[in-house]
Amino acid sequence: MNIEFDGSTSTANADTLRQVIEALVSRIQARDTELDLSALSRIVVTDDLPATEQQFGALPVAGDHLSRIVTDAADGKLALLFDGNKLWAILSGDGAEVARLIHHLHKECWRLHDAPTPPADTAATPLARALSPIVSAMWLEYRINRRSAWSIPADSDLLLNHLAALMQALPGGMQEEITLYYADQNLDELFAKSLGRITHLMQAVAHVQGYLDGMELPLKDVSATMQELVSQSFLSPIWLTTAQHLAAGYAIGPGELADIPLRRDVLAAFATFGLQIRESEDGSDVWVDVQPLVKPETLH
């Protein structure tokens, strides 16, 4: 495994960092025998992650992050970049931090596995193409989390708190978008903003469900409180059908047969908030029909 180091902290601790990375990847591959890392050209541990990302020609990304997968122009493969300062601090910390590192690396390995052969976009209609990014994002979250479930740290909440916060915020947020639409009649803006909110929701659902299916546990066995929240919320019917469709689609593999049910689930999520997404009568475009305003309390 080709591991390079750049910067004083990364270089000074290169021997230990190399041993840890090699041992963890070896352990992961021993457990996940189907994991293919042939697309990985090198791992770079650097003190200045943003600068190294720039050297690889990667555009900046928002938020603080421990690692990033980028294209390696030297051979057309992929490079896994790590923030050396953060990595060393984690290894100098407690066992819980190391457990989170193992899971993080596990998920990065599966991203590397999937990256060389992204699923073909088979969406043939304007509506399918409009929903394709949401469905692709859902599959990415679901597949990676399902396959990496065995390394979940004991203190992980599986993103349940985030999903609960979304469930609380989304009805009011969608209501606000519809109210603004009635004020300015800007349908394009309504669709764009609501698309972002629904994408976030469905990604979170797929994220959680991937872990649950990977652990072979229903939500009620992980958190009875969260199960109650879901069952009493707008998410209940969406949750049940999407869970079934994700599991079934995972079994049959990537393609239209797996994607079509998820597109219906996304449309159902829009419809929950009074937005009917459909194709125009001539089939050339996507339209949004806005239903009469509903009171937010009816969506909780």
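Some points on the overall build of the protein chain
Then comes step 1: Assigned secondary structure in the protein chain consists of 12 helices and 6 strands.
Then comes step 2: Its C-alpha atoms give the protein chain a radius of gyration of 21 Å, within 12% of the compact-globule value 19 Å for 300 residues.
Then comes step 3: Taking the intrachain contacts of the protein chain between residues at least 6 apart in sequence as the baseline, contacts between residues at least 24 apart amount to 72%.
Then comes step 4: Both charge centroids of the protein chain, one from 21 positive and one from 40 negative side chains, sit 3 Å from each other.

A short note on the packing of aromatic side chains
Then comes step 1: Counted by the stated rule, this structure contains 5 aromatic pairs.
Then comes step 2: Aromatic side chains Trp 139 and Tyr 142 sit 6.0 Å apart centroid to centroid with 75° between the ring planes, which places their arrangement in the edge-to-face category. Placement of the pair is Trp 139 and Tyr 142 together in helix H6 (residues 126–147), with a separation of 3 residues, close to one helical turn.
Then comes step 3: You can call Trp 139 buried: its relative accessible area is 4%.
Then comes step 4: Look at Tyr 142 and you get buried, because its relative accessible area is 0%.
Then comes step 5: Chaining the aromatic ring pairs together yields one cluster made of Trp 139, Tyr 142 and Tyr 250.

Remarks on the pattern of salt bridges
Then comes step 1: What the rule picks out here adds up to 13 salt bridges.
Then comes step 2: Note that Arg 278 and Asp 289 form a salt bridge whose closest N and O atoms lie 2.5 Å from each other. Here the residue Arg 278 occupies a position in strand S5 (residues 275–279), and Asp 289 occupies one in strand S6 (residues 286–290), the gap between them amounting to 11 residues.
Then comes step 3: Judged by relative accessible area, which is 34%, Arg 278 ranks as partly exposed.
Then comes step 4: Residue classification places Asp 289 among the partly exposed residues on the basis of a relative accessible area of 26%.
Then comes step 5: One continuous salt-bridge network, built from bridges that share partners, spans Glu 4, Arg 42 and Asp 72.

Some remarks on the side chain of Asp 265
Then comes step 1: Here Asp 265 is to be found in helix H12 (residues 256–272).
Then comes step 2: With no salt bridge to any partner, buried Asp 265 finds its closest opposite charge in Arg 264, at an N-O distance of 6.1 Å.
Then comes step 3: Asp 265 has contacts with Met 202, Thr 241, Thr 242 and His 245, leaving out every residue within four places of it along the chain.

Re the confidence of the model for the protein chain
Low-pLDDT portions of the prediction should not be read for the details of their coordinates.
Then comes step 1: Of all residues in the protein chain, 95% have pLDDT values of 70 or greater, and the mean over the chain is 92.
Then comes step 2: Here residues 295–300 scores under 50 on pLDDT; set against residues more than four positions off or in separate chains, the count is 13 contacts.

Parameters at a glance
- Residues numbered from 1 in each chain as written.
- Predicted model: local features only at pLDDT ≥ 70, side-chain atom pairs only at ≥ 80, totals over all residues.
- Heavy atoms only, no water.
- Helix = DSSP H or I, 4+ residues; strand = E, 2+ residues; numbered from the N terminus.
- Rg over C-alpha atoms; globule rule 2.2 N^0.38 Å.
- Contact = heavy atoms within 4.5 Å.
- Lys, Arg positive; Asp, Glu negative; His and termini not counted.
- Charge placed at Lys NZ, Arg CZ, Asp CG, Glu CD.
- Phe/Tyr/Trp six-rings, centres within 6.5 Å; stacked < 30°, edge-to-face > 60°.
- Buried < 20%, exposed > 50% of the residue type's maximum accessible area, 1.4 Å probe, protein only.
- Salt bridge = Lys/Arg side-chain N within 4 Å of Asp/Glu carboxyl O.
- pLDDT = per-residue confidence, 0-100.

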